[in-house]
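One-letter residues, chain by chain:
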Amino acid sequence: MENNYIYIPDKSLQDEVEFRCRVPLENTDQVFVVDGEGAHRGLHLGKGEVMPRMLQIIQVRSRQVEEDLSYSTDYVLEEGAQAKVLLCSHTLSMLDFVTHEDVNIKLGERAVLDMVVMQNEHNKSRHSSAFKVEMAEGAVLNLNIITLHGGGISNTVEVALNGKGGECSLNGLYLADGTQRVSTNVNIFHNVPECHSSQLFKGILDGESKTTFSGRIYVAKDAQKTEAYQANNNLLASRTAKAYTQPHLEIYADDVKCSHGATVGSLNEDELFYMRSRGIEKGEAKLLQQQAFAYAVLEKVSNEALRERLHSMVESRLRGEFSECANCSKHCC
Amino acid sequence: MENLIEIKNLHASINGKEILKGIDLVVKPGEVHAIMGPNGSGKSTLSAVLAGKENYEVTEGTVTFLGENLLEMSPEERSWAGLFLGFQYPIEIPGVTNVNFMKTAVNEHRKQKGLAPLTAAEYLKLMREKLAIVEMDPAFSSRGVNVGFSGGEKKRNEIFQMAMLDPKLAILDETDSGLDVDALRIVATGVNKLKRPDNATIVITHYQRLLDYIVPDIVHVLYKGKIIKTSGKELALEVETRGYDWLIKGE
């Protein structure tokens, strides 16, 4: 399947950045976006066009320059079009820099986009991504944002449900330790009746990390029969980590089902003792609990091979190892 | 024969309140002991202290397990040494599957013995064999630990875990609570199948009922943090018919 992305083959990239993705997922096409080059081409699918394979876009920040980098990508899926996208961001340069990324998504009637975002950057990198989504009648969006590593990661997601029957599932997992910062801002606008939205964002914080979550659900006056749910749960693995969470519901319609819930807690001592009493060493027991906590979000990823890979990357990340795909050639952290 | 466990003058408190006030108990391999007693006598505290629950403070006394100082061991070290606690209220752990939980536990035990971890096939074989002891469906293994289990299933799961870990000493804390007759029979049969001349069981219970199935060699009555009476299995029957009052008055 041809797409409009610039394709930078393995070989030519090798000399320049020594980065290869050696273990592509099955039924997946890979494209590289190096220092934002080519990002503007985006993805445009015409009416009824269905991409049979997943598109993996590997964004790499490689140049040894500290200047800010901004780029913007449009994803336009016309009526009935369908796509699966895996958007990865990595850093090869260890410099202290900022990347601004705008992801504009337009889904036509009954268009379906399944997007997984995997953010794995170095300790000083700052990356802000702004996802702006417009959805027409019956469109479906599944967006899962997995933040494994990064100095300061900010994700802003704004979704406008502009046509009846739109379905939007937003999920996120953020893992932070050291002095990392992760912020998540979600705004969902239910502008018309009969749309569904759900959000599940979970964070595991260690060290002196700080995360913020702010989520707003707006339901317009005429948006009857809206269903909108939001949950943000945070697990603190240290006494010095801090999680801030702020849910908002702004409802002007009267026939809706909406809920929100936010929690910040630490590891459950009873579970820990139960596992240890069976001979599971304390560190391993904590790890099992953290994996269990992350489980619900990773289960939202529909591609099984990708889900398995994310589970193992999350595990190695929680073990304090650098999380990367098997055989990755990257040595950046 | 060498003692499995030797408890001497054990005192323990929680939040500054003394619950155990000098327990003495010796269990030898091959024996089944029952500890009975009214509510609040310290039965569950005793099992929690032996398993190494952190919020209890041992203020006096010693516990020697297979020649080692048990009180200096972490909960996991106690498990590796061969101690098992069957919980009165088994803990639910959503998101951790039974299979992952037990596989991790079994392999940690193997690691301590210098053995290689079980392969998936070896684990599966062992698991099926042990599940049969408590008549459990293998389908349960992919569910979260104790999540959505009935009272009976939770207790059967405890005995299944005991079978998997093959302890030297199992302490079963109120294993009969919340069980109907059928579940009680399955649990008790499981415990009896695991009995060997080189291991031992301490059954902590409120009622005589369980002791019809798991027949003890020695029965102790615990009251206000002390063992006030030790005798043969006939003591359990006597408690059943006469209650605890006659013993307490004797105190």
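This is a predicted model, so every value here is computed, not measured.

S.K.: Looking at this structure, how should I read the interface of chain A and chain B?
M.R.: The parts lose accessible area when they come together, and the size of an interface is often stated as this lost area. Taken together, the 17 residues of chain A in the interface contact 20 residues of chain B. Among the elements of the structure, α2 (269–277) and α3 (282–298) of chain A are those that each provide at least two residues to the side of chain A that touches chain B. For the side of chain A that touches chain B, the element with the most residues is α3 of chain A, which contributes 7 residues. The residue makeup of the side of chain A that touches chain B, split by class, is 8 nonpolar, 2 polar and 7 charged.

S.K.: How do you make sense of the sheet that holds strand β15 (residues 226–236) of chain A when you look at a structure like this?
M.R.: Paired through their backbone hydrogen bonds, the strands of a sheet run either parallel or antiparallel. All names here are of chain A. Strand order in the open sheet formed by 9 strands is β1-β3-β5-β7-β9-β11-β13-β15-β17, and the pairing between neighbours is parallel. The sheet is open, and its two borders are formed by β1 (28–34) and β17 (256–266), each paired with just one other strand. Put simply, the sheet's adjacent strands are angled 10° from each other on average, direction ignored. With respect to the sheet, α3 is in contact with β11 (167–176), β13 (196–205) and β15, its orientation differing from that of β13 by roughly 155°. The strands touched by helix α4 (residues 304–318) are β5 (82–91), β7 (112–120), β9 (140–149) and β11; relative to β9, the strand with the most contacts, the crossing angle is about 25°.

S.K.: Would you mind going over the confidence of the model for chain B with me for this structure?
M.R.: Low-pLDDT stretches of the model should not have their predicted coordinates read in fine detail. Residues with a pLDDT of 70 or more make up 99% of chain B, whose mean pLDDT is 93. Here the prediction assigns the complex a pTM of 0.85, and the interface score ipTM is 0.95.

S.K.: Honestly, the environment of Ala48 of chain B in this entry has me stumped. Any pointers?
M.R.: Residues and elements named next belong to chain B. Position of Ala48 relative to the elements: it lies in helix α1 (residues 43–51). Overall, Ala48 belongs to the buried group, with 24 C-beta atoms counted inside 10 Å. Along the sequence, Ala48 and Glu238 sit 190 residues apart, while their C-alpha atoms lie 27 Å from each other. Setting aside anything within four residues of it in sequence, one finds Ala48 in contact with Lys53 and Tyr56.

S.K.: It is not clear to me how helix α5 (residues 151–165) of chain B should be interpreted in this structure. Could you clarify?
M.R.: An α-helical turn contains 3.6 residues, so any two residues separated by three or four positions project in the same direction. Residue and element names in this part refer to chain B. Taking 1.5 Å per residue, 15 residues should reach 21 Å; α5 reaches 22 Å between its end C-alpha atoms and fits that length. In terms of burial, α5 is a largely internal element, 11 of the 15 residues being buried. For α5, the elements touching its buried residues are α2 (75–81), β6 (83–86), α3 (98–112), α4 (120–133), β9 (169–173) and α6 (181–193). Backbone geometry just downstream of α5 places Asp166 in the positive-phi region, at approximately 45°.

Conventions used here
Within each chain, residue numbers correspond to sequence positions counted from 1 in written order. To label them, take the chains in the order written and letter them from A, then take the ligands in the order written and number them from 1. Whole-chain, interface and lining totals are the exception, using all residues; otherwise, since this is a predicted model, local features are given only for residues with pLDDT of at least 70 and side-chain atom pairs are given and counted only at 80 or more. Contact criterion: two residues are in contact if their C-beta atoms, reconstructed from the backbone, are within 7 Å. Starting at the N terminus, helices and strands are each numbered in turn, a helix being any DSSP run of H or I of at least four residues and a strand any DSSP run of E of at least two. Note on residue categories: nonpolar means Ala, Val, Leu, Ile, Met, Phe, Trp, Tyr, Cys or Pro, charged means Asp, Glu, Lys or Arg, and polar means any other residue, Gly included. We call two strands paired when DSSP finds no fewer than two bridges between them. Lines fitted to C-alpha atoms define the axes, with helix axes restricted to the stretch in contact, and inter-axis angles between N-to-C directions lie between 0 and 180 degrees. Every residue carries a pLDDT, the predictor's confidence in it, which falls somewhere between 0 and 100. Comment: burial labels come from other C-beta atoms within 10 Å of the residue's own C-beta, placed from the backbone, where a count of 20 or more is buried, 12 or fewer is exposed, and between is partly exposed. Take the number of residues in a helix, subtract one, and multiply by 1.5 Å to get its expected span.

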